[in-house]
Structures are given as C-alpha cells and as structure tokens.
Amino acid sequence: MPSLEVITLSVNSVSTLEPVSRCQQLSELYLRRNHIASLSELSHLKGLPRLRVLWLAENPCCGADPHLYRMTVLRNLPNLQKLDNQAVTEEELSRALMEGEEVTAPSREDTGNGRPELSYALSAMNATAETQGDALSYSEEEASIRGPLGLKPPAQDRFPSFPQREAVSSHKNRNNVLTAILLLLRDLDTEGLEAVHQTVVSRLQALHRQELQEDME
C-alpha cells in the first residue's frame, strides 16, 4: 500500500483513516458516503505530502455547518487543490487559518476498539454489494476532479464491464471475509480455536462428500 497514488473507497462503510496514513505516495482519496464520524480522522492525512484531491462529502463528520467543515478540512490539509469536487482557492486557504479548527489525533474511544485493521475487515463484510450505478459513479467521480486539474484520465480497465465487476466483487468479498476471519482468530483462546478447528474439519468433510457425489453423477 505505500506506493498507492489513488484510492477509491466511496460507499464502503469506512470508519477510520488510520491505514491510509501509510500511503506516502497518495495524491487522490475518494471517501464519499462512508461512516467517518469525526474530523479528527484528518490527522491521519496530515503526513501525506502529495495529497491534492479529497472527496469526503456525505460522511457524518461533515456536520450541519458546511462552511465550518470546509474551513476545518482546509486548515488541516492546506495542500489540497480540490475538496468535494470544488476547487480550493487561495482566499479559502487564508480564511481557513482563522475560521477552521485544528484537529488532533482521535483517541481509542473515537475509533471504537483501537483496531483499525479489524474495523476495515468487518465493515467490508457488512457493507452492501455495490450496484452498477455506484461502480460507475466512481469513474464519474474521478473524472469530474481529474479534468480541471489536468490529471490523466483513469485507465479504462480500472472500471471493467458489469459482468467483470461482479466477478471482481465476488473475489474481493471472499478475500474480505477471509481477512476478517484471520483477524478474529487472534483474539481466540485455546478453547475457541479448538471449536473453530472442529467446525473447519466438519465443513471440509462435507465439501469433500459433496464433490464425490457430483463426480459420481
């Protein structure tokens, strides 16, 4: 992940930005319609020197005052060129120093159990499957920002046809479930691991029997 330059996580139940802080090459981050509750999560983006595009709209952290929200984001991320599909002006950056609020790193209470990687895995399991419109909106979302900034359009193969997206989504969901299970195993004691082992053995035996029956038919 350290070499990633563009991350699209819109409509993904993301609740913490801590893992993104490791992406030092990141220049574009799309987080529309997620579960980011506090602007304190911006502290994880302060150490990203190349970040120029951020789409954070439709998150709980945006609050009821859009002006205060925008000023606070720009005060803490003054290198942004575009925020929520609106170009950032020099005047806004100057006003943000006076009208925005400085954010501090979120506490463990703010991020749930202090396990961001587990939060990502579980949210991926609980997120509803993306519709074709949602997948296409990612392409439109990036295109609306890249054009005015003179950035290259995304490669077409990043947004495959709908049947391909279904296959990719199915594979991704499988990996998300596997990741979540492996993370949860860390918290189990010997008794819990034994129960999991017995369940896995039983499941494997059932699958083998099913395969044998299908071969015989």
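Residues numbered from 1 in each chain as written. Predicted model: local features only at pLDDT ≥ 70, side-chain atom pairs only at ≥ 80, totals over all residues. Heavy atoms only, no water.

Q: Tell me about the overall build of the chain, and please be specific about residues and values.
A: Broken down by element type, the chain carries 6 helices and 5 strands. N-terminal to C-terminal, the α/β element order of the chain is β-β-β-α-β-β-α-α-α-α-α. Split into buried and exposed, the 217 residues of the chain put 34% on the buried side. Residue pairs at least 24 apart in sequence account for 62% of intrachain contacts in the chain once pairs closer than 6 positions are excluded. (Helix = DSSP H or I, 4+ residues; strand = E, 2+ residues; numbered from the N terminus. Buried < 20%, exposed > 50% of the residue type's maximum accessible area, 1.4 Å probe, protein only. Contact = heavy atoms within 4.5 Å.)

Q: Please provide a residue-by-residue account of the sheet that holds strand E1 (residues 6–8), values included.
A: Spatial strand order, E1-E2-E3-E4-E5: 5 strands in an open sheet with mixed pairing. Edge strands, defined here as strands with exactly one partner in the open sheet, are E1 and strand E5 (86–87). (Pairing = 2+ DSSP bridges.)

Q: Outline the pattern of salt bridges, listing residues and values.
A: What the rule picks out here adds up to 6 salt bridges. A salt bridge links Arg22 to Glu18; its shortest N-O distance comes to 3.1 Å. Judged by relative accessible area, Glu18 falls into the partly exposed class, the value being 22%. Lys46 is the partner of Glu102 in a salt bridge, and the nearest nitrogen-oxygen pair spans 2.6 Å. (Salt bridge = Lys/Arg side-chain N within 4 Å of Asp/Glu carboxyl O.)

Q: Report on the state of the cysteines, specifying residues and quantitative values.
A: What the rule picks out here adds up to 0 disulfides. The cysteine Cys61 is free of any disulfide, with Cys62 supplying the nearest cysteine sulfur at 4.5 Å. Owing to a relative accessible area of 13%, Cys62 belongs among the buried residues under this scheme. (Disulfide = S-S within 2.5 Å.)

Q: Explain the nonpolar core to me, and be specific about the residues and the numbers.
A: Core analysis: the largest hydrophobic core is formed by 30 residues, its most contacted members being Leu29, Leu42, Leu45, Leu54, Leu56, Val73 and Leu80. At the level of secondary structure, the elements contributing two or more residues to this core comprise helix H1 (66–76) and helix H2 (90–99). The dominant element in this core, judged by the number of residues it contributes, is H1, at 4 residues. Excluding anything up to four places from it in sequence, Leu45 contacts Leu17, Val20, Leu29, Leu51, Leu54 and Leu77. (Core = buried A, V, L, I, M, F, W, Y, C linked by side-chain atoms within 4.5 Å.)

Q: Which residues make up the side chain of Thr16, and what values go with them?
A: Mapped onto the elements of the fold, Thr16 is located in the loop between E1 and strand E2 (28–30). Within the structure, Thr16 has its side chain in polar contact with the side chain of Glu41 (distance 3.2 Å). (Polar contact = N/O pair within 3.5 Å; in protein donor to acceptor, adjacent residues only side chain to side chain.)

Q: Which residues make up the packing of H1 against H2, and what values do they have?
A: Look at H1 against H2: their axes get within 8 Å of each other, and the N-to-C directions meet at 100 degrees. As judged from the angle between their axes, H1 and H2 are roughly perpendicular. Contact residues: H1 offers His67, Leu68, Arg70, Met71, Leu74 and Arg75, while H2 offers Glu92, Leu93, Arg95, Ala96, Leu97 and Glu99. Of the residues that constitute the contact of H1 with H2, the class distribution is 6 nonpolar, 1 polar and 5 charged. (Axes fitted to C-alpha atoms, helices over the stretch in contact; angles between N-to-C directions. Parallel < 35°, antiparallel > 145°, perpendicular 65-115°, else oblique. Nonpolar A, V, L, I, M, F, W, Y, C, P; charged D, E, K, R; others polar.)

Q: Describe unusual backbone geometry, naming the residues involved and giving the relevant values.
A: Phi at Ser13 takes a positive value of approximately 60 degrees, unusual for a residue other than glycine. For Ser13, the location among the structural elements is in the loop between E1 and E2. Backbone geometry places Arg33, a non-glycine residue, at a positive phi of 55 degrees. Mapping Arg33 onto the fold places it in the loop between E2 and strand E3 (53–55). On the basis of relative accessible area, Arg33 is assigned to the partly exposed category, the value being 39%.

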